[in-house]
Amino acid sequence: MKYLLIIVSLLIVSCSTGQNKEVKEEPKEGIFPYEFPNEKPNIKLSNAMERNYNDYMAPRPQDNELYTQFKYTELKGFDYNNHDGTISRRDPSKVIFANGKYYVWYTHRETPTPPKGAKNSTDVIPSSDWDLCDIFYATSEDGFTWEEQGVAIPRPEKPNVGWRSVSTTDILEWKGKYYLYYQGFMEASGKRGDDCPVAVSYADSPDGPWTPYNKVVIPNGPEGAWDQFSIHDPYPLVYKGKIYLYYKSDSNGQPNLIRMQGLATADNPLGPFTKHPLNPVMNSGHETTMFPFKEGIAALVIRDGNEHFTVQYAEDGVNFDIASITEYMPSAGGPFIPDAFTDTKYGKGITWGISHFTAVNGWSTNHAVLTRFDCDLSLDVDDQDMKRTNVHHQPEFYYKLGLNGKQKKRIAQENEDLKNK
Ligand code: AAL
């Protein structure tokens, strides 16, 4: 009996230690280990695993400084005329902090009707949501409640650049002065395409007064070039001692528009700007949202192209690679970037900004609203609640993304065809 007990207890011990032993055992050579290695293991890997270690800042998104979710908060302080489409605010600039408060500039439309399309547009009826607009600005103590300060850049007299509409602005601070770059329309957007060059105004203070330079500062490309018709979303940063201005252009024409982004650099905010020989530097995206990050420039790539909904990084500010894949990115994001103009050698990233939602009330009252977004793309913050990968939605959310009439018809036809086969 005594021996039996000893044998049984020996068996129990060896079984339980055996189990632990199995987990702790070194994996056989060439087998990917159970405990996820932070460093690339020295074994033959599949393309997917190679990519996971080579192409991202960390192999887990939770540790990837350029991975984030985005959270949105409705802004206080803006009136939209009961959302009847006669007032719109969209395409915000970066947010800056000056004189003890935050500043943002944006496209402001106040017209007797909502946009009516190019054909029905007149001197007072807008073709698009950014037609017949001026550039307004607002200030805030906390980034949530804003006080509209009124017009910063009004439409200039005809024939000056932007006489039809000034829109989609962004801010630069350079040697103690402020520069607002913006799209300057000379005809209603949509008449031919969304055609415009970029103009600039300057001021000694973010409160203005703004002096229009009244010249095109970033011209369209030559005939046949990808950016021959439009220079959109001008977005200046200070990088490598120069002004790095990113922009988007619509190429390829309707109905197969391709949106890509380019870079123009200058030593003087009023130009001349030199377009980068490798343009376009980004194959995807819509509005431009970049920020200094580590030694390079990071970008939010939204909405259009093969690489939409990615965050990208270019160590040289030119050659961008995918740094993370995410979702629900801010449209027209204008982040608060503390080191946007400091010529930093090690960018710290962003945690919030202002973006927009368009056609908020449907297309008959087409207009946009400004919103706040928060995220964690910052080296100084580690907000694990922003680093989740699993965002849950109720079925209603998905059903809103339902099939359209044409698709339902196609499916009905496919069913019919199958039956009649
Ligand atoms: C935006 C931007 C530019 C376009 C239009 C207004 O989202 O890309 O500004 O011209 O749409």
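This is a predicted model, so every value here is computed, not measured.

About the thresholds
- Residues numbered from 1 in each chain as written.
- Predicted model: local features only at pLDDT ≥ 70, side-chain atom pairs only at ≥ 80, totals over all residues.
- Heavy atoms only, no water.
- Helix = DSSP H or I, 4+ residues; strand = E, 2+ residues; numbered from the N terminus.
- Contact = heavy atoms within 4.5 Å.
- Areas by Shrake-Rupley, 256 points an atom, 1.4 Å probe, with all protein chains shown as cover.
- Lys, Arg positive; Asp, Glu negative; His and termini not counted.
- Charge placed at Lys NZ, Arg CZ, Asp CG, Glu CD.
- Near = heavy atom within 4 Å.
- Polar contact = N/O pair within 3.5 Å; in protein donor to acceptor, adjacent residues only side chain to side chain.
- Nonpolar A, V, L, I, M, F, W, Y, C, P; charged D, E, K, R; others polar.
- Buried < 20%, exposed > 50% of the residue type's maximum accessible area, 1.4 Å probe, protein only.
- Pairing = 2+ DSSP bridges.
- pLDDT = per-residue confidence, 0-100.
- Salt bridge = Lys/Arg side-chain N within 4 Å of Asp/Glu carboxyl O.
- Phe/Tyr/Trp six-rings, centres within 6.5 Å; stacked < 30°, edge-to-face > 60°.
- Lys NZ or Arg CZ within 6 Å of the ring centre and 35° of its normal.
- Core = buried A, V, L, I, M, F, W, Y, C linked by side-chain atoms within 4.5 Å.

Turning our eyes to something else, we now look at the overall build of the protein. For the protein, the helix and strand inventory stands at 4 helices and 21 strands. Seen through its C-alpha atoms, the protein measures out along the principal axes to roughly 105 × 70 × 45 Å. Restricting to contacts in the protein with at least 6 residues of sequence separation, those with at least 24 account for 54%. Total accessible area computed for the protein in this model is approximately 22,200 Å², and 52% of it derives from carbon and sulfur atoms. Here the protein holds 44 positive side-chain charges and 56 negative ones, and the gap between their average locations is 4 Å.

Attention now goes to the site of the ligand. All residues in the neighbourhood of the ligand are listed as R90, D91, W130, T168, Q183, D194, H232, D233, K248, H286 and E287. Side-chain polar atom of D194 to an oxygen atom of the ligand: 2.6 Å apart, as the coordinates give it. D233 is positioned with one of its side-chain polar atoms (N or O) 2.8 Å from an oxygen atom of the ligand. Burial of the ligand by the protein chains amounts to 97% of its free accessible area of 280 Å². Here the shell around the ligand is composed, by residue class, of 1 nonpolar, 4 polar and 6 charged.

Turning to unusual backbone geometry, a few remarks are in order. Only a minority of non-glycine residues have a phi that is not negative, and only a minority of peptide bonds are not trans. Here the residue pair K158 and P159 is connected by a cis peptide bond, since its omega of 10 degrees sits within 30 degrees of zero. Cis geometry marks the peptide bond from Q254 to P255; its omega dihedral reads 0 degrees. Looking at the element boundaries, P255 is found in the loop between β12 (242-251) and β13 (258-266). For N81, which is not a glycine, the phi torsion comes out positive at approximately 50 degrees. Inspection of the secondary structure assignment puts N81 in the loop between β1 (71-74) and β2 (87-90). Under the relative-accessibility criterion, N81 is labelled partly exposed at 35%.

Before going further, it helps to examine the sheet that holds β12. Read across the sheet, 4 strands follow the order β11-β12-β13-β14 without closing on themselves; strand pairing throughout is antiparallel. The sheet is open, and its two borders are formed by β11 (232-239) and β14 (274-275), each paired with just one other strand. Here β12 runs beside β13; their pairing, made up of 9 bridges, is antiparallel. What sits directly across from S249, in β13, is M260.

Across the protein, the average pLDDT comes to 94, with 94% of residues at 70 or higher. pLDDT under 50 marks residues 4-21. Its contacts with residues more than four places away, or in other chains, come to 1 contact.

With that settled, consider the side chain of D194. Inspection of the secondary structure assignment puts D194 in the loop between β8 (177-185) and β9 (198-203). Despite its burial, D194 pairs with no opposite charge; the closest candidate is K248, at 5.3 Å N-O. Side-chain polar atoms of D194 contact the side chain of S189, separated by 2.7 Å. Apart from the residues lying within four places of it in its own chain, the contact partners of D194 are W130, F185, S189, S230, H232 and D250.

Side-chain pairs of opposite charge can arise whenever the charged atoms involved come near each other. Scanning all chains against the criterion turns up 24 salt bridges. A salt bridge links K177 to D204, with the shortest nitrogen-to-oxygen separation between them at 2.8 Å. Within this pair, whereas K177 is found in strand β8, its partner D204 is found in the loop between β9 and β10 (211-212), the two being separated by 27 residues in sequence. The shortest N-O distance in the salt bridge between K345 and D343 comes to 3.5 Å.

Here we come to the packing of aromatic side chains. Across all of its chains, the model carries 23 aromatic pairs by this definition. Both rings, one in Y239 and one in Y244, keep their centres 5.0 Å apart while their planes meet at 90 degrees; by these two values the pair is edge-to-face. Between Y244 and Y246 the ring centres are 6.5 Å apart and the planes differ by 50 degrees, which places this aromatic pair in the tilted class. In this pair, the class of Y244 matches that of Y246, namely buried. In this structure an aromatic cluster arises from ring pairing among F97, Y102, F336 and W352. The residue whose ring lies beneath K94 is Y235, and the NZ or CZ to ring-centre distance is 4.0 Å. Positioned over the ring face of F229 is R192, at 3.6 Å from the centre of the ring.

If you look at the biggest cluster of nonpolar residues, it comprises 68 residues, and the most contacted ones within it are L66, W105, Y181, W210, Y246, F273 and F291. If sequence neighbours within four positions are ignored, W210 has contacts with W105, A152, I153, I171, Y178, Y179, L180, S201, Y202, A203 and S205. Among the nonpolar cores identified, the runner-up in size contains 16 residues, and F78, I87, Y106 and W352 belong to it.

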